[in-house]
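Working through the structure, step by step
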Amino acid sequence: MKKRLQRIMALLLAGMLIFGGCGKEPEEPVAEAEPEIIVEELEEPEQVIEEPVEEKVPFSVHVDRKNKTYYFEDGENAYLHLRYCDVTVEGDGYEKLKRNIENWSMERSEGLRNLYASFEESAGMEAQESETFDGYTLYQTVSIAKADGVVVSLLEDTYQYEGGAHGTFFRQGINFDSESGKRLKLEDLFYDYAAFVEDAKERIAYELLAEYGEELFEDYIATVGGLWQEDAEPEWYLDASGIVIVLQEYLVGPYSIGTPEIHLPYTEFAPYIKENYLQADAEGVAAFKANQEIFLSLPGIAEEVSMMLVSEQQEDVMSNSLWLDQQELPLNEYLVLEDAYIIKNGKDTYCMIEADMASDDYVTYIFCLTDGVIEKVAEVQAAVDSGNIGIHEIRMESWVYLLGTYGGVKNYHFDEEGNFITEDTEYIFERNEYALTTLVDLPITLEEGESILPAGSHIILNGTDDETYVKFTIQETGQTGVLKVQRGEEDYRNISINGMNENECFEDLPYAG
């Protein structure tokens, strides 16, 4: 455990290193002489050059997630399974924000690269001791908690496994002021930081006891107080409901309670918070959790409107509903609610709710709230990509069952009429690394034209229309091509190629479930 924590802290430190008159009495009048006419040359007025005003266009944050597996010298046995990501910002008028976020992203990537050698050495020793060793795991992901014209709040999650009963998880909030581009400290949000801290300590201790009771360590109250010792601050981020304080594994309780998060609502702590960080009408996106009240500024409605996604366990089912002011919209009681988002896009406000159908198949409900009424817009059999959700484009991922099971993504957006649509005709398999081995010669199409893929070849699928073809890369040559497939008329999951069943064409298709 100590070794895992040291590695994670080393990784985090690497990212931190690299981010009129004179007033006299009037005299008696005297006869005046003929005035002398003086002609003055008028100077040309100095030309004032106005600097162009930087036009601000609503920006979007994009997280490009990648997979990579590192192998020992034999090229067959893996010593590290890595997931990492690059973060970029698109949009005009926020150049400082763009530069600072992308610099932070590059620095953390460099910190990852510096750790690879140490993993290979320790993994080599473990591989000699265990025949079942399949490599270490290091996953780093970034998701969007809030991104608008006021603040960008990102969540960086790190999971590391080097053997033992379980891995180690660490969550870090990365927060920027959108206008200045400055990396924010928690104290930057407040007029009266000291008063906030005292109230926050009480609220955190109260919420912990209510949620975890006797599971907490005996000294949890002292631990909460110590979060602010010697100019330190806890991990934190912002979402639609307020300030969220993150308590790492083993900080206030055993591994079984996970990583507690305590929500400090904007409404309760508003007297301490600077006004610009309390804007409820900023255009952008913000995540929120079930059972957390949030307040929305809607056009044509004078006061902010209360909204809450309620989810409660009742006997063997979940009771789920969306509340807007006094309206209630019941949701499917068998769903397990996952992520939820508020999207303010110009004059319109939308709510997206993602739910697990208890089988790793996801559904996302989209509602319009603009007029103060809950209006269903769409229901999509896919999950929201939490690193690629913005007012211009939202990436959705769903399972595609064709020559295996793959996560396929499509991009969606709201059109001018408020419909939630996609113009993509293909699913893209962004993170697929699994190589299929052909058992027979297969007819394919390459850039050069029609060809034959020999038996024993290895291909990695890149995408599909989910009906008639798949796109692939040949592992041996790097060439890309297209393979035609046919779905069964009676059984949609019965796939054939050139008259042969898919299992006769490929070895070990990676179907899930």
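Because the structure is predicted, anything quoted here is derived from the model rather than measured. (Residues numbered from 1 in each chain as written. Predicted model: local features only at pLDDT ≥ 70, side-chain atom pairs only at ≥ 80, totals over all residues. Heavy atoms only, no water.)

For strand β20 (residues 405-414), the buried fraction is high: 7 of the 10 residues fall into the buried class. By the bridge criterion, 8 bridges tie strand β19 (residues 394-401) to β20 in an arrangement that is antiparallel. Across the sheet, S398 pairs through a bridge with G408, a residue of β20. Hairpin geometry of β19 and β20 is characterised by an intervening segment of 3 residues between the two adjacent antiparallel strands and by a positive phi of about 55 degrees at L403. The pairing of β20 with strand β21 (residues 420-422) spans 3 bridges and is antiparallel. Following the sheet pairing, Y412 is matched in β21 by T422. The antiparallel pairing of β20 with β21 creates a hairpin that spans 5 residues between the two strands, and G418 there sits at a positive phi of about 85 degrees. (Buried < 20%, exposed > 50% of the residue type's maximum accessible area, 1.4 Å probe, protein only. Helix = DSSP H or I, 4+ residues; strand = E, 2+ residues; numbered from the N terminus. Pairing = 2+ DSSP bridges.)

Counted by the stated rule, this structure contains 17 aromatic pairs. Pairing F190 with F196 gives two aromatic rings, centres 4.0 Å apart and planes at 20 degrees, and the pair type is stacked. When sorted by exposure, F190 lands in the same class as F196, which is buried. With centroids separated by 6.5 Å and ring planes inclined at 50 degrees, the aromatic side chains of F269 and Y272 adopt a geometry described as tilted. With a relative accessible area of 4%, F269 lands in the buried category. One aromatic cluster is present, built from ring pairs that chain together F190, Y193, F196, F269 and Y272. The side chain of R83 reaches across the aromatic face of Y139, ending 4.2 Å from its centre. (Phe/Tyr/Trp six-rings, centres within 6.5 Å; stacked < 30°, edge-to-face > 60°. Lys NZ or Arg CZ within 6 Å of the ring centre and 35° of its normal.)

So, about the pairing of strand β8 (residues 261-265). Most of β8 sits inside the fold, with 4 of its 5 residues counted as buried. Two elements, strand β7 (residues 242-246) and β8, share 5 bridges in a ladder whose sense is antiparallel. Bridging across to β8, V244 finds its partner in H263.

Here we come to the sheet that holds strand β12 (residues 317-324). Pairing is antiparallel across the open sheet formed by 4 strands, whose spatial order is β10-β11-β12-β13. The outermost strands of the open sheet, each flanked by one partner alone, are β10 (294-296) and β13 (327-330). Strand-to-strand twist across the sheet, computed as the mean angle between neighbouring axes with direction ignored, equals 25 degrees. Pairing between strand β11 (residues 305-314) and β12: 8 bridges, direction antiparallel. Counted as the bridge partner of S311 is N320 from β12. (Axes fitted to C-alpha atoms, helices over the stretch in contact; angles between N-to-C directions.)

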